[in-house]
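Working through the structure, step by step
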Amino acid sequence: MTKHAYIPRTTNYTLNPGDELNDLRMSDQVRPLYDHVKKFIRETVEPMSIEFAKAGEGKEDRWSFTPKQLEVLEVAKNRAKKEGLWNFFLPDDETGQGLKNLDYAYIASELGKSPLASETMNCSAPDTGNMEVLERVGTKEQKEKWLKPLMNGEIRSAYVMTEPNVASSDAKNISTTAKLVGDEWVINGEKYYISGLGDPRCKILIVMVKTNPDAAPSKQQSQILVPRDTPGVEVLGPMYVFGQDHAPRGHMHMRFNNVRVPKENMLLGEGRGFEISQLRLGPGRIHHCMRTIGKAEKALDLMVQRGLTREAFGKKIAHLGGNMQIIAQARCEIEAMRLMVLKAAKAMDVLGNKEARVWVSMVKAMVPERACKIIDQSIQMHGATGISHWTPLAEMYQDVRHLRFADGPDEVHWMVVGRHELSMA
């Protein structure tokens, strides 16, 4: 039997103490901002959230906000603006805080612990990704008309890509068409799970369309701005997530019926839809992961609190069966996820979004799956209460479980990572 010497592959994951990618510390100058965010969430956002929910009780139209809800929210938003807690998400940019992705990772994990924190500080999806696209590739006129009110928190937006009749995880399959007729794009097609479209404040859509089916596969798609009130934009109704419609924001099923918009509404240029997607989805995907770390942390907090305040069979629940190990493993998983997300964020800062794609795919596939498990374990330790409306856990589980589809299913991201690994053989 012939013995072969083991020759290690040369990969870019080898631990190198001097590698800049391994320095995951928050910038010293951002630490006061981080502390300020935590204080603001505790003292302003959490009390406001209770008042916001109470103000919406008994409203007749589920797809609306009561005047009192909007008033309460605007007071908190104005306070956030006044205190400089606004638009954290744009890296290295004068229009936002100019944070590195790594610095924002720490802040976003705190935003994820409170459902209204991101919106209060104008850092909500899908607006963050849409604002980044407009800031990076929008014309002066597009920025003035749409970016400015989005940055001011005056309107909301939606990103329109997923379709019910094709496998949208492969964006080359997108079948909604846009044809140039004179000086207008005429759009026809059907979309679904369009998050935020149910929100009455949603005023602008960024729509992924096919403009040239005869071009190379990567040049067939384009992205176009479509005002929400354009004739022919038809909302067919909400899509349900685990039986919930998430009104009034919702994830809508919609159709474009000969929708006409000026040719100037094209973003960046015809056939550059994939280019825009990479610009948008890199940061957007990792923002989801950052906030999900916060949700997992909150689920563990609730698990520990429940485990130490309830007794069964003569013991605290935390000491029954394997619960102690479950709690310990949850902490280990959270710390592992946190380090991976921080490194992915640092890779984006050092390598750029395109070169950091494999790191983004790693955390996009790993984090929602592991966070789901932790939330599920917290639900189990709460007993029947865990699936009720008496805790936030059921809603948290729905939210995190759907992330395994949002911005690409797990399988696509594992494929990206595996393909990269094989390329180094």
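Notes on the structure follow.

1. Regarding the overall build of the protein
When helices and strands are counted, the protein shows 11 helices and 9 strands. The globule rule puts the C-alpha radius of gyration for 425 residues at 22 Å, and the 23 Å found for the protein is close to it. Here the C-alpha coordinates of the protein stretch approximately 75 × 75 × 45 Å along the principal axes. Accessible surface for the protein amounts to roughly 20,800 Å². Of this, 53% is attributable to carbon and sulfur atoms.

2. Things to note about the packing of helix α3 (residues 101–111) against helix α8 (residues 323–351)
Their axes nearest at 7 Å, the elements α3 and α8 cross at an angle of 150°. Relative to α8, α3 is oriented roughly antiparallel. Across the interface between the two elements, Asn101, Leu102, Ala105 and Tyr106 from α3 touch Leu342, Ala345, Lys346, Met348 and Asp349 from α8. Class assignment of the residues belonging to the contact of α3 with α8 gives a composition of 6 nonpolar, 1 polar and 2 charged.

3. Quick notes on the packing of aromatic side chains
Counted by the stated rule, this structure contains 4 aromatic pairs. Their ring planes at 80° and their centres at 6.4 Å tell us that Tyr34 and Tyr106 sit as a pair that is edge-to-face. One end of the pair, Tyr34, is in helix α1 (residues 31–55); the other, Tyr106, is in helix α3, and 72 residues separate them in sequence. With a relative accessible area of 13%, Tyr34 lands in the buried category.

4. So, the environment of Pro47
With respect to the helices and strands, the residue Pro47 is situated in helix α1. In this structure Pro47 touches Ile41 and Arg42, once residues within four positions along its chain are discounted.

5. Comments concerning the environment of Ser175
Looking at the secondary structure, you find Ser175 in the loop between β1 (156–160) and β2 (177–181). Accessibility expressed as a relative area gives 41% for Ser175, which makes it partly exposed. Taking C-alpha positions, Ser175 is 20 Å from His251, a pair spaced 76 residues apart along the chain. When residues no more than four places from it in sequence are discounted, the contact partners of Ser175 are Glu163 and Val166.

6. Focus: the pattern of salt bridges
Throughout the structure, instances matching the rule amount to 31 salt bridges. For Glu119, the salt bridge goes to Arg249, with nearest N and O atoms at 2.7 Å. Separated by 130 residues along the polypeptide, Glu119 in helix α4 (residues 117–120) and Arg249 in the loop between β6 (233–239) and β7 (251–262) bring together distant segments of the chain. By relative accessible area, which is 25% here, Arg249 ends up partly exposed.

7. A short note on the layout of surface pockets
Volume-wise, the second largest pocket comes out at about 200 Å³. Secondary structure elements with two or more residues in the lining of the second largest pocket: α3 and α8. It is α8 that contributes the most residues to the lining of the second largest pocket, 3 residues altogether. Split into classes, the residues belonging to the lining of the second largest pocket amount to 3 nonpolar, 1 polar and 8 charged.

Here is what the cut-offs are and how they apply
- Residues numbered from 1 in each chain as written.
- Predicted model: local features only at pLDDT ≥ 70, side-chain atom pairs only at ≥ 80, totals over all residues.
- Heavy atoms only, no water.
- Helix = DSSP H or I, 4+ residues; strand = E, 2+ residues; numbered from the N terminus.
- Rg over C-alpha atoms; globule rule 2.2 N^0.38 Å.
- Areas by Shrake-Rupley, 256 points an atom, 1.4 Å probe, with all protein chains shown as cover.
- Axes fitted to C-alpha atoms, helices over the stretch in contact; angles between N-to-C directions.
- Parallel < 35°, antiparallel > 145°, perpendicular 65-115°, else oblique.
- Contact = heavy atoms within 4.5 Å.
- Nonpolar A, V, L, I, M, F, W, Y, C, P; charged D, E, K, R; others polar.
- Phe/Tyr/Trp six-rings, centres within 6.5 Å; stacked < 30°, edge-to-face > 60°.
- Buried < 20%, exposed > 50% of the residue type's maximum accessible area, 1.4 Å probe, protein only.
- Salt bridge = Lys/Arg side-chain N within 4 Å of Asp/Glu carboxyl O.
- 1 Å grid on protein atoms, 1.4 Å probe; cavity = no way out; pocket = protein on both sides within 12 Å on 5 of 7 lines; lining within 4 Å.
- Points joined across faces, edges and corners; volume = space filled by probe spheres on them.

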